[in-house]
Amino acid sequence: MSTAIAQPNHAPAGIGKRGDGTTPVLELQGLTKKFGDFTAVNHLSLSVKQGEVVGFLGPNGAGKSTTVGMVLGLIRPTAGSVTIMGTPLVGNQPMVAEHIGAIIENPAFYPYLSGRDNLIAHAKMVDGVTTQRVDDLLKLVNLHERKQDKYKSYSLGMKQRLGIASTLLTDPALVILDEPTNGLDPAGQREIREIIPQLAREGHGVLLASHMLHEVEQVSDRVAIVRRGELVTESSVDDLLMRGGYIEVRVEQADEAKALQLVRSLNDVENVTASQGLITVVTSPDRGREINRTLVEAGIFAAEIAPKRNTLESLFLELTEGETV
């Protein structure tokens, strides 16, 4: 029979533990790390707020792992600062264990113990985690029905979900997930994708490092892209995907020439081409209504006006000059 864990001695979830929602749970300012003459991270500034997922992307060797190592206090920065819950990390190393949960590699579990008993074993190494907390986390990661099964019988996806549960035992303000779906089949990847936004809804800030660009696009609120140790761009997913967007307008071929002239006369239109009644307008995808109004006023009625957004993959390749993620 499982042994009860001591009652928590920290503030309940949502009261002081994760802040007031206005102070970032993680803030990097000018973070720099040099190894001899090589600069792995160069003046990187980034924040993660409570209740949001920030996708952290970059090609191989871009400095993602080094950055995570500095956040976890495993690597000493050459310059700059790491602030957790408004308090500098320097001189406050215990804050990492209290406020950060991280999966960097596959977590270690006992193969012959059940999933639940494995979590309880992990909880015994942390002060103040109840068995109720363990059971709640098993429900959160959809393992409640399999909690008594031995770990060795779990699929890779189930093992990864148990790993995520283990990072949440202390109800951390920040959760760092490094390639959480690596090696999983499509079903396992989907299960993890469903859990990540739930972590944000539970009030955690999530820093997600992944090479699965479509995955990051689906679950992230903001995305930060680094290249050769420097921040290339950082914005909301919607704003990023609007970059390089375009609009397709389909009209009767007889109206094509006139429609082409009208659309080209609009402000903030970068490029307009036409072929067999299909007009492609390189502009912000939210300008479809303006284009439609301009055509209607001239007596041209479009059969279709379809905004086309960029993809995170195409934007990533453009910003990183095609380097592999």
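In this text the structure is predicted, and so the values were computed from the model without any measurement.

K.L.:
What am I meant to see in the environment of Thr 66 here?
P.N.:
Here Thr 66 shows up in helix H1 (residues 64-71). Residues Thr 66 and Gln 189, spaced 123 residues apart in sequence, show a C-alpha to C-alpha distance of 25 Å. Excluding residues that lie within four positions of it along the chain, Thr 66 makes contacts with Lys 33, Phe 35, Ala 40, Val 41 and Ile 75.

K.L.:
Please clarify how the packing of aromatic side chains should be interpreted in this entry.
P.N.:
In this description, a pair of aromatic rings is defined by centroid distance and the angle of the planes. Going through the model one piece at a time under the given rule, you end up with two aromatic pairs. Seen in terms of ring centroids, Phe 109 and Tyr 151 are 5.1 Å apart; in terms of plane orientation they differ by 45°. Their pairing is tilted. Of this pair, Phe 109 sits in the loop between strand S6 (100-103) and helix H3 (115-123) while Tyr 151 sits in the loop between helix H4 (131-140) and helix H5 (156-167), and the two are 42 residues apart along the sequence. When its relative accessible area of 11% is taken as the criterion, Phe 109 is described as buried. The structure contains a cluster of three or more aromatic residues connected by ring pairs, namely Phe 109, Tyr 151 and Tyr 154. Over the ring of Tyr 151 we find Lys 159, and its NZ or CZ is 5.2 Å from the ring centre.

K.L.:
Got a minute to help me understand the sheet that holds strand S7 (residues 174-178) in this structure?
P.N.:
Strands pair in a sheet through their backbones, by hydrogen bonds, and they do so in one of two ways: parallel or antiparallel. Within the open sheet, the six strands sit side by side as S6-S7-S8-S3-S9-S10. Their pairing is mixed. Strands with a single pairing partner mark the edges of an open sheet, and in this sheet they are S6 and strand S10 (230-236). Taking each pair of neighbouring strands and ignoring which way they run, the sheet shows an average axis angle of 15°. With six bridges connecting them, strand S9 (residues 222-227) and S10 associate as antiparallel partners. Counted as the bridge partner of Val 223 is Ser 235 from S10. Across the sheet, H5 touches S6 and S7, and the angle it forms with S6 is around 160°.

K.L.:
Quick question: what am I supposed to make of the environment of Ser 210 here?
P.N.:
Inspection of the secondary structure assignment puts Ser 210 in the loop between strand S8 (205-209) and helix H7 (213-219). Considering only alpha carbons, one finds Ser 210 and Leu 140, 70 residues apart in sequence, at a separation of 22 Å. Separated by 2.9 Å, the side chain of Ser 210 and the backbone nitrogen of Met 212 make a polar contact. Side-chain polar atoms of Ser 210 contact the side chain of Glu 215, separated by 3.0 Å.

K.L.:
What am I meant to see in the environment of Asn 92 here?
P.N.:
Inspection of the secondary structure assignment puts Asn 92 in the loop between strand S5 (87-88) and helix H2 (94-99). Residue Asn 92 is classed as partly exposed on the basis of its relative accessible area of 28%. For the pair Asn 92 and Gly 73, spaced 19 residues apart in the sequence, the C-alpha separation amounts to 9.7 Å. Here the side chain of Asn 92 touches Pro 88 through a polar contact of 2.9 Å, landing on its backbone oxygen.

K.L.:
Could you clarify how one ought to interpret the packing of H3 against H4 in this entry?
P.N.:
Think of two packed helices as two axes; the pair is described by the angle between the axes and how far apart they sit. Taken N-terminus to C-terminus, the directions of H3 and H4 make an angle of 130°; their axes are 10 Å apart at the nearest point. In terms of their interaxial angle, H3 and H4 are classed as oblique. For the element pair H3 and H4, the recorded crossing hand is right-handed. Contact residues: Arg 116, Leu 119, Ile 120 and Ala 123 in H3; Thr 131, Val 134, Asp 135 and Leu 138 in H4. Looking at the contact of H3 with H4 residue by residue, the classes come out as five nonpolar, one polar and two charged.

K.L.:
Explanation requested: the pairing of strand S11 (residues 246-250) in the structure shown.
P.N.:
Of the two faces of S11, only the one carrying Ile 247 and Val 249 is buried; Tyr 246, Glu 248 and Arg 250 on the other face are not. Pairing between S11 and strand S14 (residues 304-308): five bridges, direction antiparallel. Considered in S14, the bridge of Ile 247 is made with Pro 307. Examined bridge by bridge, S11 and strand S13 (residues 278-282) share four bridges and lie antiparallel to one another. Note that in S13 the partner of Glu 248 across the bridge is Thr 280.

K.L.:
Please explain the pattern of salt bridges as it appears in this structure.
P.N.:
As a working rule, side chains carrying opposite charge can pair if their charged atoms are close by. Throughout the structure, instances matching the rule amount to seven salt bridges. Taking the shortest distance from any N to any O, the salt bridge between Arg 133 and Asp 171 comes out at 3.5 Å. Of this pair, Arg 133 sits in helix H4 while Asp 171 sits in the loop between H5 and S7, placing them 38 residues apart in sequence. Given a relative accessible area of 22%, Arg 133 falls into the partly exposed group. Residue class for Asp 171 comes out buried when judged on its relative accessible area of 4%. A salt bridge links Glu 191 to Arg 161; its shortest N-O distance comes to 3.1 Å. Remark: Arg 161 occurs in helix H5 and Glu 191 occurs in helix H6 (residues 186-201); sequence separation between them is 30 residues. Among the residues examined, Arg 161 registers a relative accessible area of 6% and is labelled buried. Connected through shared salt-bridge partners, Glu 52, Arg 222 and Glu 234 make up one network.

What counts, and at which threshold
- Residues numbered from 1 in each chain as written.
- Predicted model: local features only at pLDDT ≥ 70, side-chain atom pairs only at ≥ 80, totals over all residues.
- Heavy atoms only, no water.
- Helix = DSSP H or I, 4+ residues; strand = E, 2+ residues; numbered from the N terminus.
- Contact = heavy atoms within 4.5 Å.
- Phe/Tyr/Trp six-rings, centres within 6.5 Å; stacked < 30°, edge-to-face > 60°.
- Buried < 20%, exposed > 50% of the residue type's maximum accessible area, 1.4 Å probe, protein only.
- Lys NZ or Arg CZ within 6 Å of the ring centre and 35° of its normal.
- Pairing = 2+ DSSP bridges.
- Axes fitted to C-alpha atoms, helices over the stretch in contact; angles between N-to-C directions.
- Polar contact = N/O pair within 3.5 Å; in protein donor to acceptor, adjacent residues only side chain to side chain.
- Parallel < 35°, antiparallel > 145°, perpendicular 65-115°, else oblique.
- Left-handed = near helix turned anticlockwise from the far one by under 90°.
- Nonpolar A, V, L, I, M, F, W, Y, C, P; charged D, E, K, R; others polar.
- Salt bridge = Lys/Arg side-chain N within 4 Å of Asp/Glu carboxyl O.

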